[in-house]
Amino acid sequence: MIDSSNSIEGGCTDCNDPHSCGSYHVYVISLGDGTSYDFYVGQTGKTVSERLADNWAKYNSRGGGPRLIRNHFSGLRMDLVPVDSVACSSRSEAERKELALAEGLRRQGYKVRGPRGGS
Ligand SMILES: [Zn+2]
């Protein structure tokens, strides 16, 4: 369980936890041992730390991504998020950049859980 009061290095500087700046934020989570995935890529209109805390607090009964993150969370990797993707003005823009980031990491040989092109 991560502490949502932790400041996130490289994250949105306009957010003031728990209050989102209103932008959509792309984020990367590093996944640890026990899963074949290296990273989880997502986007949220909340602050990244609030979204992260939701994986434990709110999405308990949901499968897939939240469970993967709960079981294998090994840190945020905001350093992997391009500066122009940290805060997006619309959800569709964030989804495009989320996909581009996931595909970019896959091209580097990483196993990425997240959006997939063409599906
Ligand atoms: Zn923000």
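Above: the structure in question.
If you're wondering where the values come from, they're calculated on a predicted model, not measured in any experiment.

Quick look at the environment of Arg-70
And step 1. Relative to the helices and strands, Arg-70 is located in helix α2 (residues 65-72).
And step 2. A tally of 13 C-beta atoms within 10 Å means that Arg-70 is categorised as partly exposed.
And step 3. The residues contacting Arg-70, other than those within four sequence positions of it, are Asn-55 and Trp-56.

A word on unusual backbone geometry
And step 1. The omega torsion across Asp-17 and Pro-18 is 0°, close enough to zero to call that bond cis.
And step 2. Here Pro-18 is to be found in the segment before β1 (25-31).

What to know about the nonpolar core
Across soluble globular proteins, nonpolar side chains have a tendency to be buried as a group.
And step 1. Counting 24 residues, the largest nonpolar core has Val-26, Tyr-27, Ile-29, Phe-39 and Val-41 as its most contacted members.
And step 2. Residue assignment for this core shows that the elements contributing at least two residues are β1, β2 (39-44), α1 (48-57) and α4 (91-107).
And step 3. Top contributing element to this core by residue count: β1, with five residues.

Focus: the pairing of β2
And step 1. β2 sits mainly inside the fold: five of its six residues count as buried.
And step 2. Alignment of β1 against β2, held across six bridges, turns out to be antiparallel. Considered in β2, the bridge of Ile-29 is made with Tyr-40.
And step 3. With two bridges joining them, β2 and strand β4 (residues 112-113) adopt parallel strand pairing.

Quick look at the environment of Arg-77
And step 1. Looking at the secondary structure, you find Arg-77 in the loop between β3 (73-76) and α3 (83-86).
And step 2. Arg-77 gets classed as partly exposed once you count the C-beta atoms within 10 Å, which come to 18.
And step 3. Measuring from C-alpha to C-alpha, the distance between Arg-77 and Val-28 comes to 5.2 Å, with 49 residues separating the pair along the chain.
And step 4. Setting aside chain neighbours within four positions, we find Arg-77 in contact with Val-28, Ile-29, Ser-30 and Phe-39.

Digging into α4
And step 1. For α4, with 17 residues, the first-to-last C-alpha span of 24 Å sits near the 24 Å given by 1.5 Å per residue.
And step 2. Within the span of α4, buried status applies to Ala-94, Lys-97, Glu-98, Leu-101 and Ala-102. For α4, the buried positions fall inside an angular range of 140° around the axis, keeping them on one side. α4 presents Ser-92 and Arg-107 as exposed residues on the side facing more than 90 degrees away from its buried surface.
And step 3. Where α4 is buried, its residues contact β1, β2, α3 and β4.
And step 4. Looking one or two places after α4, you find Gly-109, whose phi comes out positive at around 100°.

Focus: α1
And step 1. Regarding α1, the residues found buried are Val-48, Ser-49, Leu-52, Ala-53 and Asn-55. Looking straight down α1, one finds its buried side chains confined to an arc of 140°; they lie on one side.
And step 2. Those residues of α1 that are buried are in contact with β1, β2, α2 and β3.

Procedures and definitions
- Residues numbered from 1 in each chain as written.
- Predicted model: local features only at pLDDT ≥ 70, side-chain atom pairs only at ≥ 80, totals over all residues.
- Helix = DSSP H or I, 4+ residues; strand = E, 2+ residues; numbered from the N terminus.
- Buried ≥ 20, exposed ≤ 12 C-beta atoms within 10 Å, placed from the backbone.
- Contact = placed C-beta atoms within 7 Å.
- Core = buried A, V, L, I, M, F, W, Y, C linked by C-beta atoms within 7 Å.
- Pairing = 2+ DSSP bridges.
- Expected span 1.5 Å × (residues − 1).
- Arc of directions from axis to C-beta.

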